[in-house]
Structure formats: C-alpha cells, structure tokens
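# Topology and contacts: notes
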Amino acid sequence: MPHKHLSPKVMRSDAVAFFKKLLGETYVLTGEADLKAWGTDWTKVFEPKPLCVVLPSSTEDVSKILSYCNTNELAVTPSGGRTGLCAGAVASDGEIVVNLTRMSKIMAVDTTGLTLTAEAGVTTQALQDAAKENGLFFPLDLASKGTCQIGGNIATNAGGVKLIKYGGTREQVLGLEVVLASGEILDMNVALRKNNSGYDLKHLFIGSEGTLGIVTKAVLRLMPKPRNLQLAIMAVGDFISIPKILAVCSQKSASVTAFEFFTEVAHKIVLQRLPGARTPFKDISPFYVLLEIEQPGREPELEELLEALFEEGLITDAAIAANSTQFKEFWGLRENITESLAAHGQVRKNDISLAIDKLDGFVKALQVLLLSKRPKDMEIVFFGHIGDGNLHINYVSPKTRDSKDFHAEAREIEEGVFKLLASFKGSISAEHGIGLTKKKDLHFTRTDSEVSWMRMTKKMWDPKGILNPGKIFDL
Ligand code: 2HG
Ligand code: ZN
C-alpha cells in the first residue's frame, strides 16, 4: 500500500514500466525475496513492503527517478548498505527503494589537497583502502564499515570509534552533490577548506536521514596516517573511574584515538558467541576500557600512562596489544558486540549521549531504575563510545521469549531511561539517528520549537513529502 500521506497519480505497473525503461529490466527488482532483502535494514522490526527497488547508476538516473516520483506523488526510501539501527532505510509502506550500490566509483584522490571524491555507494572500507593506497588516512571507522556506504554515513551523520579524535561524518565532508525531491541536482561540491560565502547548505543534508534529498556524491577530507598506534585493554572496578581515566589521558597529553568501554555481560556474551574470541584477563571485571593512542615518539608512553592509572587506583588490570594479531583481537572484543548480541537473543537498542561530567550521576540513577524494573530473563548490556559520552544500551532476552512481550517490557524500561536522560539534558540518539523507531521519543531531546522548524524545513525542500515519509517525525 502506498504511503498514507500520498496518493500516487500512476498505477504501480506504469511506475515499474517507467523505471525498467530508464534503468533496464535487471535494475528494477520486484520479486518478493528482493523486496524483503532491499526494503529493510538491521532493525528487523518493521515488515518491509516496498513497491519496487530501483538501482540507478548515475546522478542523472537519480534525478529522473525523483522527478518522476515527485510528479506522480510516489514515496521514495533512499537506501545504501542498510546497516542502520533505527529503520531509517526501511520501506514498510509501499515506497520505491532507491538504492545507490551501483554508484560506487572513487573518482579522485588528491594527495596534496588531501581530499577524496566518491559516489555515494562506495563502502566505508573501500574509502579507507583507497586512502591507504595513497599513503593517507580516512578516519571514519565503524564496525559495519565493510557493508555501510558513505551516502548512508552522510545521511545519518554516522559516528563510530574514532570520533573522539577526528570527529564524526559531518567533520569529514567538504563537498556534497544532492538530488532534491523535484529531481534538481544541487551541486555543493566546491571542496574548499574555507568557504564563508553564505549559508553552508550541505550541513542540512548531513544527518537528515534521506528526508531532504539523496546524496549522490561527496568530497571527503583525508589526513596523514596516524603514526604508531598503541592499544590497551583495561579492567576497571567501578564506572566512576572511567571518566577519570579519560581525564588522566588528557592531563598527560595522550593523543587518544579511541576510548571505548563495555561491561562484564557484553564481554561474556562476545566470548561465548564469537568464534575464536579470547580475553587477556584471568579475573572477571565489571567494566573494560579499550584505549588506543597515537604514540609518535619513542618513549613508552602507554606503559607510563597505565602505571599512572594503576597508581591512582583507576584500573585493576591491563594488557597492551603486543602485535597486529592481538591488536585485531582486542578490537574484536569491542567491535563484535552487536553481532554477538544478535546471535545471543532478541535485542532492543538505545543509543544515548550525555555530557561526560554527567555520566556517573546518570549511570547511578539508571542502576537504581533497572534494579526495580528489569525482568529476570532480560540482560541489559552497556557498551559504547564512552569517551564521547555515547552509551549503547541493549536489552537482550532469550529468543524463545514472545517478541511482542519482550518489546513491551523493554519499552517500559526504555521510557524510564529516556525520562531520566531528559533530566540530565542528554540525547536519545547520539549517532544512530531517529528513523521510524525513535520518532515518538524525539520530544525527549528536541523542543517543540526545534521540531516545528524541522517540519518547516522539510516542507520547503520536499513540499509534496515524497522523500522518506514517516522518518524522524510525521508531517
Ligand atoms: C557500535 O558502536 C554500533 O558498535 C552499534 O553503534 C551499537 O548495537 C549497538 O547498539
Ligand atoms: Zn556505536
């Protein structure tokens, strides 16, 4: 069924015929299995029901598709690697999925100006590899990098594990090409470091979750490769020590490139579910911190840092990655949490952020809340980019538990968490976005006035409301 806010002016079969003529039969998918696979993301909460999936190969194709959809009032869901966790790329209401996988060219790498120009369908991993081949570095780094695409990273303003040092996706984008709802191609591709000539419109599209336009091309920032990365995993006895460890790192001028944490339960589940996973620790600890630093000098900076942390009683044990295999192993303990949880049970996810100085107070209040509300068979797993104030909370119950009951129970706890979070002035979405799953909770973080300006912005750029309707907020 087409989206309820729109009443398409063409028959389904006419639309499909138009797309087939434009792109060729092969690139318009209508089979049931394809609709299911391409109409969803990692959330798996909503039943995918797209009208069809179209696979353009150029900006001009995207422009023609959107122009047709706008004229005929057909809803469109922009789509990339589909690794999102908020149903931002889910087509559950008869939308046309416009997937950019075929637009995967890296057009240029400028080793002097330190930029890379690519189409939106390039995977994040391919961008990292291209930078590396040219002796440079692309800092956006996410567990899903092999699958997610830069267009999706931009549309969701993805964060990842290196944000603490290099910023998120927004900080990497110098220029953008976007196709608007009308089909107009908006070229904001002037890749200048400095450009204060009026409003910088590209920022409006970064993090807009495909509701204002479809990103087709980007100019991204590159940088020199970090020198001599060192990695330690630390066992920590109490949560309050974690922000204190970060403070010591700053006071000692450590160049921190990642500061991640996970709890005992997260660690246990990864060890249980990830083939070959090993822990360097003999004893179990309530918290673990993964600390990566760049150590360009020759001095044993990380060892000294760990000694200072031991002396201050902030850590109880630590291991330094001795070689590249161990480096991968340690990172694996953190990066494989999401997949291990998915194998372990049914999962509901929160992705929240707070100012770092409010973390400890919040976590204490949260523990009190969970003590009274958590059902016996539900495990609550904390991990995330704690150096950025970003906590991932996953509610996990056995797969045998009735799914509706599980979500109802977890939702009740979640509402308590969001209320608490609002009192600490935190955000209900640090890096995953809002999509379909969190729009009812937007008010916990954004004021009525903010949401009303968002709505007006949406109406200005997409007056007929064809782009990703129902995502972030309803009109
Ligand atoms: C991560 O940090 C991702 O690994 C996924 O943002 C978080 O599964 C999650 O909750
Ligand atoms: Zn994350």
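Refer to the preceding data block for the structure.
So, how was this worked out
- Residues numbered from 1 in each chain as written.
- Chains lettered and ligands numbered in written order.
- Predicted model: local features only at pLDDT ≥ 70, side-chain atom pairs only at ≥ 80, totals over all residues.
- Heavy atoms only, no water.
- Pairing = 2+ DSSP bridges.
- Helix = DSSP H or I, 4+ residues; strand = E, 2+ residues; numbered from the N terminus.
- Axes fitted to C-alpha atoms, helices over the stretch in contact; angles between N-to-C directions.
- Contact = heavy atoms within 4.5 Å.
- Near = heavy atom within 4 Å.
- Polar contact = N/O pair within 3.5 Å; in protein donor to acceptor, adjacent residues only side chain to side chain.
- Areas by Shrake-Rupley, 256 points an atom, 1.4 Å probe, with all protein chains shown as cover.
- Nonpolar A, V, L, I, M, F, W, Y, C, P; charged D, E, K, R; others polar.
- Expected span 1.5 Å × (residues − 1).
- Buried < 20%, exposed > 50% of the residue type's maximum accessible area, 1.4 Å probe, protein only.
- Patch = residues over 30% accessible without salt bridge, like charges linked within 9 Å, V, L, I, M, F, W, Y side chains within 5 Å.
- Salt bridge = Lys/Arg side-chain N within 4 Å of Asp/Glu carboxyl O.
- Lys, Arg positive; Asp, Glu negative; His and termini not counted.
- Charge placed at Lys NZ, Arg CZ, Asp CG, Glu CD.
- Parallel < 35°, antiparallel > 145°, perpendicular 65-115°, else oblique.
- Left-handed = near helix turned anticlockwise from the far one by under 90°.
- Core = buried A, V, L, I, M, F, W, Y, C linked by side-chain atoms within 4.5 Å.

Judged by pairing direction, the sheet is antiparallel, and its 7 strands sit side by side in the order S15-S12-S14-S13-S17-S18-S16 without closing on themselves. Among the strands making up the open sheet, the edge pair consists of strand S15 (317–320) and strand S16 (346–353). Strand after strand, the sheet turns through a mean of 15° between neighbouring axes, direction not considered. Two elements, strand S12 (residues 229–236) and strand S14 (residues 287–294), share 8 bridges in a ladder whose sense is antiparallel. Residue pairing across strands places Met234 opposite Val289, the latter belonging to S14. Most of the contacts of helix H9 (residues 241–251) go to strand S13 (residues 255–263), to which it runs at about 170°, and overall it touches S12, S13 and S14.

All right, on to the site of ligand 1 then. The full set of residues close to ligand 1 is Leu85, Arg334, Thr338, Lys349, Phe383, His385, His392, Asn394, Glu431 and His432. Interatomic distance of 2.7 Å between a side-chain N/O atom of Lys349 and an oxygen atom of ligand 1. The protein chains hide 89% of the 300 Å² of surface that ligand 1 would expose on its own. Of the residues contributing to the shell around ligand 1, the split by class is 2 nonpolar, 5 polar and 3 charged.

When the terminal C-alpha atoms of helix H14 (residues 359–373) are compared, their 21 Å separation across 15 residues agrees well with the 21 Å that a helix rising 1.5 Å per residue should span. Here H14 has its buried residues at Leu359, Asp360, Phe362, Val363, Leu366, Leu369 and Leu370. Contacts from the buried residues of H14 go to S16, strand S17 (379–384), strand S18 (390–397) and helix H15 (403–423).

Judged by side-chain charge, Glu299, Glu303, Glu304, Glu307, Glu311 and Glu312 come together as a negatively charged surface patch. Its place among the elements puts Glu311 in helix H11 (residues 301–311). The exposure class of Glu311 is exposed, given its relative accessible area of 70%.

Our focus in this paragraph is the pattern of salt bridges. Applying the stated criterion to the full structure yields 24 salt bridges. The residue Arg411 makes a salt bridge to Glu415 at a minimum N-O spacing of 3.0 Å. Placement of both Arg411 and Glu415 in helix H15 is noted, with a separation of 4 residues, approximately one turn of the helix. By relative accessible area, which is 31% here, Glu415 ends up partly exposed. Put simply, Asp474 and Lys439 hold a salt bridge, and the shortest N to O gap is 2.9 Å. Of the two residues, Asp474 sits in the segment after helix H16 (448–461) while Lys439 sits in the loop between H15 and H16, which places them 35 residues apart along the sequence. When salt bridges with common partners are traced through the structure, they connect Arg348, Arg411, Glu414, Glu415 and Asp441 into a single cluster.

What follows covers the side chain of Glu301. Within the secondary structure, Glu301 is located in helix H11. For the buried residue Glu301, which engages in no salt bridge, the nearest side chain bearing the opposite charge is Lys165, 9.7 Å off. Excluding its chain neighbours within four sequence positions, the residues that come into contact with Glu301 are Ser253, Ala254, Ser255, Ile293 and Gln295.

As a further point, take the sheet that holds strand S8 (residues 173–179). Ordered by their spatial adjacency, 5 strands build an open sheet running S5-S6-S10-S8-S9, and the pairing between neighbours is antiparallel. Each end of this open sheet is capped by a strand with a single partner; those strands are strand S5 (106–110) and strand S9 (185–188). Taking the axes of each pair of neighbouring strands and ignoring which way they run, one obtains an average angle of 10° across the sheet. The strands touched by helix H3 (residues 59–72) are S8, S9 and strand S10 (214–221); relative to S8, the strand with the most contacts, the crossing angle is about 45°.

On to the pairing of S8, then. Within S8, 7 of the 7 residues are buried, which leaves the element mostly enclosed by the surrounding structure. Here 6 bridges tie S8 to S10, and the two strands are oriented antiparallel to one another. Along S10, the bridge assignment pairs Val173 with Leu220. Direction of pairing for S8 relative to S9: antiparallel, over a ladder of 4 bridges. Residue Glu177 lies in a different strand from S9, and its bridge partner there is Asp187.

Secondary-structure assignment places Gly237 in the loop between S12 and H9. Separated by 87 residues in the primary sequence, Gly237 and Ser324 have C-alpha atoms spaced 28 Å apart. Excluding its chain neighbours within four sequence positions, the residues that come into contact with Gly237 are Ser285, Pro286, Phe287 and Thr316.

With that out of the way, let us pick up the packing of H14 against H15. At a minimum axis distance of 10 Å, the contact between H14 and H15 shows a crossing angle of 155°. As far as their axial angle goes, H15 and H14 are roughly antiparallel. For the pair H14 and H15, the sense of crossing is right-handed. Residues Phe362, Ala365, Leu366, Leu369, Leu370 and Lys373 of H14 form the contact with H15, whose participating residues are Glu412, Ile413, Gly416, Val417, Leu420 and Leu421. Partitioned by chemical class, the residues of the contact of H14 with H15 number 9 nonpolar, 1 polar and 2 charged.

It is worth spelling out the nonpolar core at this point. Of all hydrophobic cores here, the largest spans 56 residues; its most connected members are Phe19, Val54, Ile96, Leu176 and Phe205. Considering every element that reaches this core, the biggest residue donor is H3, with 5 residues. Those residues in contact with Val54, other than ones at most four positions away along the chain, are Phe19, Leu23, Tyr27, Val28, Ile65, Ile96, Val97, Val98 and Asn99. Formed by 53 residues, the second largest nonpolar core is a distinct cluster that contains Ala232, Phe239, Ile245 and Val248.

This part covers the packing of helix H1 (residues 12–23) against H3. At a minimum axis distance of 11 Å, the contact between H1 and H3 shows a crossing angle of 165°. Taken together, the axis directions place H1 and H3 in an arrangement best described as roughly antiparallel. Two packed elements cross with a definite hand, and for H1 against H3 that hand is right-handed. Every residue of H3 that contacts H1 at Asp14, Ala15, Phe18, Phe19, Leu22 and Leu23 is listed here: Asp61, Lys64, Ile65, Tyr68 and Cys69. Taken together, the residues that form the contact of H1 with H3 break down as 8 nonpolar, no polar and 3 charged.

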